[in-house]
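# Architecture at a glance
Letter by letter, the chains look like this.
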Amino acid sequence: MYRKYEYQYYLMLVPVLAFLLVFHIAPLFGIVIAFERFLPAKGIIQSEWVGLKYFRNLVSLPESWRIFRNTVIIAIEKIILGIVVPVFFSILLNELRSVHIKRTVQTIIYIPHFLSWVVLAAPIMNIFAYNGMLNNLTVWLGGERTLFLSSNRYFRGILIFTNEWKEFGFGTIVYLAAITGINPNLYEAAEIDGASRLQKIIYVTLPCMRAIIVLMLTRSLGNVLNAGFDQVFNLYSPAVYETADIIDTYVYRVGLLDLNYSLSTAMSLIKSFIGMTMILTSNYLSLKLADYRVF
Amino acid sequence: MRRKIGAADVIITAVCIISAALCLLPMLNTFAISLSSSVQAASGRVTFFPRSFTLSAYEYLLGESQFYTAFLISVERVVLGTSINVLMMILAAFPLSHSKKNFRPRNGFMWFLVFTMMFGGGLIPTYMVVSSVGLIDKIWSLILPGAVPVWNCILLMNFFRSLPVELEEASFIDGAMPVQVLYKVYLPLSLPALSTVTLFSIVGHWNEFFSGMIYLNSQDKYPLATYINALVNQAKNIMNITDPQELQKTLERSDTTLNSAKIFVSLIPILIIYPFMQKYFVTGLVMGSVKE
């Protein structure tokens, strides 16, 4: 039966593959321009071949190392908090006695995930502005006003914090599901053994969540070069390039503002290669450590 | 066994409620600013309640035709983009949800999809393709390049795989073809997963600003997100001003109250569809991503 109708599966995939070929595979040929001194007027074929010149440029520029470091630092900090906070919060939610409060809190904390950084940038700029809420609070507590969003000292912290603020609620979904799946007998047994509430969390809940935590950690490995373009792009300014410029913002500026197409594409290519390696590693690790196959 | 409510319960409840309140803070702040007078808003004293309450920002907004144009373009984009996305997700997820035994080249196609997700040509080569197929300055440039959201395809595929194979085998015995199995059996059973990916697609299209920024040349073709991004970028220099008087002047000039009103109105569609989708996306997401 399956053989007779297999053609229908092929037919279904035709439009999908067509879109992917045009918009994902065709651009791969454009990567050639990373090895050329590409001029749009001359086109891909006529432009002068320069080999690895732009890659050598990138390696020798101190700027690109800074960008690489920023990207990895921001991404890793986001990954770590992105696991710790939701795990902690899902345990808290699970400990709530009132189902109504639990449901209301859940409904509210999922919302920020669905708002875009474009829209959130404005209130965040207001809150961190020189005459904004946070500075008013600092002054009230006896401190000095600071330009938080143009300070290299605070900017990364603000990125990490606001990102966690936006995503922590949504992150709890997976862990709450894992907690719901824990066998209630384990808690009863612990109770009979005289375990306190905290002990039940430490010796029953957390160990039962270990598998999902390991899984989420390995899955996020694929994101070490994704520091969050939308967020950084909407909040940063030249004053904080030193700590906040990441690969994606650099690719955009060099490519579409400075019109240095070749250099921008060379940087994208490096990112794609490392990114793919990380994702493959992460898939391999999730299979080995958590017995999880993504596709 | 019912236990007394102890101090721990009070603390846990308080932490949860405060965190939830924090999640609403930026929205409340935006709303309060949009309802305040521009002088009060520019002074930075507005927190969660409007000061010198006025509806003038919203009255002014009623007359801003560019805002409506952008809003309608966003609606059009969401309708077109989501329809295509959902269709593509179903068409990709159904064949690929079969085992290698039942659809022989399944793994090859799967790797192809995943490859396109992992490895891309980058910004400039993609731009060159979009421009050479003639999409620049057209609404389709916001829809077609992302027509196949691979990650959501995988989510839906994993959901399809969680349905028992016997369903399909039984339908075959009853004389159905795969198209009918998909339409009459799989789709009706997959409402939670379908709602989830539909919600992701709607929100994704509503929020996405970048392709509008790079593929559209004329501002009057901008979708709402790109339009707001342009506004916020103009106001961005407030981050560097320390002089209180200059800050106030800049804020008055950049029309914080009007911008806040625009931002708040742009949030409304998401806040409206959210409760309808919420009951689905939790189950849909968990079933699609976590397997036993």
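Cut-offs and rules
Residues numbered from 1 in each chain as written. Chains lettered and ligands numbered in written order. Predicted model: local features only at pLDDT ≥ 70, side-chain atom pairs only at ≥ 80, totals over all residues. Heavy atoms only, no water. Helix = DSSP H or I, 4+ residues; strand = E, 2+ residues; numbered from the N terminus. Expected span 1.5 Å × (residues − 1). Bend = angle between axes of the 7 residues up to and from the residue. Buried < 20%, exposed > 50% of the residue type's maximum accessible area, 1.4 Å probe, protein only. Salt bridge = Lys/Arg side-chain N within 4 Å of Asp/Glu carboxyl O. Axes fitted to C-alpha atoms, helices over the stretch in contact; angles between N-to-C directions. Parallel < 35°, antiparallel > 145°, perpendicular 65-115°, else oblique. Contact = heavy atoms within 4.5 Å. Nonpolar A, V, L, I, M, F, W, Y, C, P; charged D, E, K, R; others polar. Left-handed = near helix turned anticlockwise from the far one by under 90°. Patch = residues over 30% accessible without salt bridge, like charges linked within 9 Å, V, L, I, M, F, W, Y side chains within 5 Å. Areas by Shrake-Rupley, 256 points an atom, 1.4 Å probe, with all protein chains shown as cover.

## Side note on helix H8 (residues 155-180) of chain A
Residue and element names in this part refer to chain A. Compared with the 38 Å implied by 1.5 Å per residue over 26 residues, the 38 Å span of H8 between its first and last C-alpha is a close match. Along its length, H8 shows its largest kink, about 45°, at Phe168. Counting buried residues along H8, 19 of its 26 residues qualify, which places the element largely inside the surrounding structure.

## Concerning the pattern of salt bridges
As enumerated under the stated definition, the model contains 12 salt bridges over all chains in all. Note that A:Glu6 and B:Arg104 form a salt bridge whose closest N and O atoms lie 2.5 Å from each other. Separated into two different chains, A:Glu6 in helix H1 (residues 6-29) and B:Arg104 in the loop between helix H4 (65-96) and helix H5 (106-118) make up a pair that spans both. With relative accessibility at 46%, the residue B:Arg104 sits in the partly exposed group. The partner of B:Lys221 in a salt bridge is B:Asp137, and the shortest N-O contact between them spans 3.4 Å. Of this pair, B:Lys221 sits in the loop between helix H11 (210-215) and helix H12 (224-234) while B:Asp137 sits in the loop between helix H6 (123-132) and helix H7 (150-162), and the two are 84 residues apart along the sequence. Taken together, the shared-partner salt bridges connect A:Glu95, A:Arg97, A:Arg197 and B:Asp9 into one network.

## Details of the packing of helix H3 (residues 53-60) of chain A against helix H14 (residues 261-290) of chain A
Residue and element names in this part refer to chain A. It is at 9 Å that the axes of H3 and H14 come closest, and there the two elements cross at 75°. Considering the angle they form, H3 stands roughly perpendicular to H14. Of H14, the residues touching H3 (which contributes Tyr54, Phe55, Asn57 and Leu58) are Ser262, Leu263, Ala266, Met267, Leu269 and Ile270. Classifying every residue of the contact of H3 with H14 by side-chain character gives eight nonpolar, two polar and no charged.

## Here's the deal with the packing of helix H4 (residues 62-95) of chain A against helix H1 (residues 7-34) of chain B
Axis angle and axis distance: for two packed helices, these are the angle between their axes and the distance between the axes, and together they describe the pair. The contact between H4(A) and H1(B) brings their axes to 9 Å, and the two run at 125°. Classified by the angle their axes make, H4(A) and H1(B) are oblique. Between H4(A) and H1(B) the crossing geometry is left-handed. Taking contact as the criterion, the partners of A:Phe89, A:Leu92, A:Leu93 and A:Glu95 in H4(A) are, on H1(B), B:Asp9, B:Ile12, B:Val15, B:Cys16 and B:Ser19. Its residues placed into classes, the contact of H4(A) with H1(B) shows six nonpolar, one polar and two charged.

## Brief notes about a nonpolar patch on the surface
Judged by side-chain polarity, A:Tyr7, A:Tyr10, A:Leu11 and A:Val14 come together as a nonpolar surface patch covering roughly 400 Å² of accessible area. With respect to the element layout, A:Tyr7 can be found in helix H1.

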